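Each chain, letter by letter, is given below.
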Amino acid sequence: MAGRRYFVKGNEKRTHHVHIFQSGHAHIEQLLDCKEYLLHHPLEAKAYGELKRKLAREFPDFHYKYQEGKREFVTALAHKASFWGEERQRREGK
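What counts and what doesn't
- Residues numbered from 1 in each chain as written.
- Predicted model: local features only at pLDDT ≥ 70, side-chain atom pairs only at ≥ 80, totals over all residues.
- Heavy atoms only, no water.
- Axes fitted to C-alpha atoms, helices over the stretch in contact; angles between N-to-C directions.
- Helix = DSSP H or I, 4+ residues; strand = E, 2+ residues; numbered from the N terminus.
- Parallel < 35°, antiparallel > 145°, perpendicular 65-115°, else oblique.
- Contact = heavy atoms within 4.5 Å.
- Nonpolar A, V, L, I, M, F, W, Y, C, P; charged D, E, K, R; others polar.
- Core = buried A, V, L, I, M, F, W, Y, C linked by side-chain atoms within 4.5 Å.
- Buried < 20%, exposed > 50% of the residue type's maximum accessible area, 1.4 Å probe, protein only.
- pLDDT = per-residue confidence, 0-100.
- Salt bridge = Lys/Arg side-chain N within 4 Å of Asp/Glu carboxyl O.

Visitor: Even after reading the chapter, I still don't get the packing of helix 1 (residues 26-40) against helix 2 (residues 42-58), so can you show me in this structure?
Guide: For any two helices packed against each other, one specifies the crossing angle of their axes together with the interaxial distance. The N-to-C vectors of helix 1 and helix 2 enclose an angle of 110°; their axes lie 5 Å apart at closest approach. Classified by the interaxial angle, the pair formed by helix 1 and helix 2 is roughly perpendicular. Counted together, Tyr37, Leu38 and His40 of helix 1 and Pro42, Glu44, Ala45 and Tyr48 of helix 2 form the full contact between these two elements. Considering only residue class, the contact of helix 1 with helix 2 consists of 5 nonpolar, 1 polar and 1 charged.

Visitor: Explain the nonpolar core to me, please; I cannot follow it from the model alone.
Guide: In globular proteins that are soluble, nonpolar side chains generally tend to be buried together. In terms of nonpolar packing, the biggest core is built from 8 residues, these being Cys34, Tyr37, Leu38, Tyr48, Leu77, Ala78, Ala81 and Trp84. Looking at which element gives the most residues to this core, the answer is helix 3 (residues 63-92), with 4 residues. Not counting residues up to four positions away in its chain, the partners in contact with Tyr48 are Leu38, Lys70, Phe73 and Val74.

Visitor: Sorry, what's going on with the confidence of the model for the chain here?
Guide: When pLDDT is low, close inspection of the predicted coordinates is not appropriate. Looking at the chain, the pLDDT average stands at 85 and 81% of residues meet or exceed 70. Averaged over each element, pLDDT in the chain is lowest for strand 1 (residues 4-9) (57) and highest for helix 2 (95).

Visitor: Can you help me understand the pattern of salt bridges in this one?
Guide: Any two side chains of opposite charge can pair, so long as their charged atoms come close to each other. Summed over the entire model, instances satisfying the criterion amount to 7 salt bridges. Among the salt bridges present, the one from Lys46 reaches Glu50, with a minimum N-O distance of 3.9 Å. Here Lys46 pairs with Glu50, and both are found in helix 2, just 4 residues apart, close to one helical turn. With a relative accessible area of 41%, Glu50 lands in the partly exposed category. Glu58 is paired through a salt bridge with Lys54; the nearest N and O atoms lie 2.8 Å apart. Here the residue Glu58 and the residue Lys54 both occupy positions in helix 2, the gap between them amounting to 4 residues, near one helical turn. Taking relative accessible area as the criterion, Glu58 reaches 43% and is therefore assigned partly exposed.

What follows is the structure in structure tokens.
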């Protein structure tokens, strides 16, 4: 993502990663919508987790292939989460 700084902890046994953006960056809301969407849709969260585990097993040494394998799912997830977030804000009057 353009404008993002990305940090990882754990090297080969990564345990954390952090996305950092400048305040007000458009992707902040997108990532927060995805997080909230997954918290409210556990079956989608489970499917995403299973896909990530599958890809991590298939491509342990090729991060770009792991990312490529997630792309279609994540793109669809981002669209659903964005729409869901907009609807949620309308319902809450924000």
